[in-house]
Amino acid sequence: MASIEIRSVRKLYGKTPAVRGVDLSVEDGEFVVVLGPSGCGKSTLLRMIAGLEDVSAGEIAIDGRIVNDVEPAHRGCAMVFQNYALYPHMTVAQNIGYALKVSGVSRQQREQRVERIAATLGLENLLARKPSELSGGQRQRVAMGRAMVRSPGIFLFDEPLSNLDAKLRIQMRIEIKRLHRELRTTSVFVTHDQVEAMTLADKLIVMNDGLIEQAGSPSQVFRQPQSRFVANFLGSPPMNFLPAIVDGNGRARVAGDLVPWSRLVWDLPAGTKLDLAFRPAAAQLASGPIQPGMLPFAVEMVEDLGSEFHFHGTTAGTSIAVATPVTTELPPEPFAITVPGEAVHAFLASDGSRVEPRPISIKVTETSGADACPEKSLSFI
């Protein structure tokens, strides 16, 4: 196993920045997933760890040793690519064992290690086949076997499942997770697929425009997004956003005069523009007439996904989605929605950064018999 330290790393292609100052720590045995849209710099970052791209500025250290000028073959990393990169004229056994052959490992030792890796990956009956005789999932397992046979300190995965169909991707996610639990090899996995990221990661890194937007456990990043980008990027359907303006009392007004979350108070100047946000699954359908705490909801389309309904429509002049289980008993039309205050996120419209409401303090006096206890201060949102 090995640790990775990335310190203020930058990558320029000419004058164009691809990675713009990234700091990241990967612990021994940790499975880190780097998630982001195409062009955000995630694959470039992975290739710099592997030594396939030069570092324009900053340092990369593996097990405490700075490797900026170390050749890829001497970094202790093994990479699994998106396109498998198998030799078409070689058998499965020859593809898996090729790196050992080049390194001068004896034929007997090679065969033993190849057989052991093949058994781990369920390839023992395919060792004599050529890549053209394999399915996509089998080819990907061969590519993983070729990386595993070297017993590397670090696995680097560059979108390895993107060429597979949906069913195979699920199978390979389970396979990769199982292998990591068995081997505990430090792994960095790059993807644009949020399902892969949420299910595989010990630590999730969300990148955007060459920078890390947020890092943490998958549940932390999903439940407490620290920027509008992260909130919008994670989730399907994506998070709903309602433009709002802070009034003189610190409350957020939606569509001019609606205050659906009157208990949320913001320590922000009057006139500050916010984006209030909530997950589609956090909204509950209700019926009009509109009461305090409710928002009108005009449904335009309903998607039946088998296990849940997705209602698409508008509220306060903004398009939103509401997700409900198919077992939900629908109220009569016209619809309205309610969202609990604790499910609401807020981001500054100016820069997309997260802001928190002011905790509401109340004082509770407890009494016992004729004697009064001291006052207790409670804070809640």
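Treat the numbers as computed from the prediction; the structure is a model and nothing was measured.

What counts as what
Residues numbered from 1 in each chain as written. Predicted model: local features only at pLDDT ≥ 70, side-chain atom pairs only at ≥ 80, totals over all residues. Heavy atoms only, no water. Axes fitted to C-alpha atoms, helices over the stretch in contact; angles between N-to-C directions. Helix = DSSP H or I, 4+ residues; strand = E, 2+ residues; numbered from the N terminus. Parallel < 35°, antiparallel > 145°, perpendicular 65-115°, else oblique. Left-handed = near helix turned anticlockwise from the far one by under 90°. Contact = heavy atoms within 4.5 Å. Nonpolar A, V, L, I, M, F, W, Y, C, P; charged D, E, K, R; others polar. Phe/Tyr/Trp six-rings, centres within 6.5 Å; stacked < 30°, edge-to-face > 60°. Buried < 20%, exposed > 50% of the residue type's maximum accessible area, 1.4 Å probe, protein only. Lys NZ or Arg CZ within 6 Å of the ring centre and 35° of its normal. Core = buried A, V, L, I, M, F, W, Y, C linked by side-chain atoms within 4.5 Å.

Asker: What exactly am I supposed to notice about the packing of helix H3 (residues 107-121) against helix H4 (residues 136-148) here?
Answerer: Angle between the axes and distance between the axes are the two parameters that describe a pair of packed helices. The contact between H3 and H4 brings their axes to 10 Å, and the two run at 135°. With respect to H4, the element H3 is oriented oblique. Relative to H4, the crossing made by H3 is right-handed. Note on element contacts: H4 touches H3 through Arg 141, Met 144, Gly 145 and Met 148, opposite Ile 117, Thr 120 and Leu 121. Counted by class, the contact of H3 with H4 contains 4 nonpolar, 2 polar and 1 charged residues.

Asker: I tried to follow unusual backbone geometry on my own but got confused; where do I start?
Answerer: Residue Ser 236 is joined to Pro 237 through a cis peptide bond whose omega torsion reads -5°. Residue position: Pro 237 is located in the loop between helix H8 (228-233) and strand S11 (240-246). Here Glu 333 and Pro 334 are connected by a cis peptide whose omega angle stands at 5°. Position of Pro 334 relative to the elements: it lies in the loop between strand S17 (318-325) and strand S18 (335-338). The phi angle at Ser 151 is positive, at roughly 50°, despite the residue not being glycine. With respect to the helices and strands, the residue Ser 151 is situated in the loop between H4 and strand S7 (154-158). Even without being a glycine, Ala 316 presents a positive backbone phi close to 50°.

Asker: Explanation requested: the packing of aromatic side chains in the structure shown.
Answerer: Centre distance and the angle of the planes are the two values used to describe a pair of aromatic rings. Applying the stated criterion across every chain yields a total of 10 aromatic pairs. Between Phe 241 and Phe 347, the ring centres sit 6.3 Å apart and the planes meet at 50°, which makes this aromatic pair tilted. Taken together, the positions of Phe 241 in strand S11 and Phe 347 in strand S19 (residues 345-348) put the pair 106 residues apart, joining distant regions of the chain. Under the relative-accessibility criterion, Phe 241 is labelled buried at 10%. A relative accessible area of 0% means that Phe 347 is categorised as buried. Taken together, the ring pairs connect Phe 31, Phe 155, Phe 157 and Phe 189 into an aromatic cluster. The residue whose ring lies beneath Arg 228 is Phe 241, and the NZ or CZ to ring-centre distance is 3.9 Å. Across the ring face of Phe 222, the terminal group of Arg 279 is positioned such that the distance to the ring centre comes to 4.0 Å.

Asker: Can you help me understand the nonpolar core in this one?
Answerer: As a rule of thumb, soluble globular proteins bury nonpolar side chains together. Ranked by size, the top nonpolar core spans 41 residues in total, and within it Val 33, Met 144, Phe 189 and Leu 204 carry the most contacts. Top contributing element to this core by residue count: H4, with 5 residues. Dropping the residues within four chain positions of it, Met 144 is found in contact with Val 80, Leu 121, Phe 157, Met 172, Ile 176 and Leu 179. In terms of nonpolar packing, the next biggest core, distinct from the first, is built from 28 residues, Val 22, Met 48, Ile 60 and Val 67 among them.

No statement about biological role is implied by the geometric values presented.
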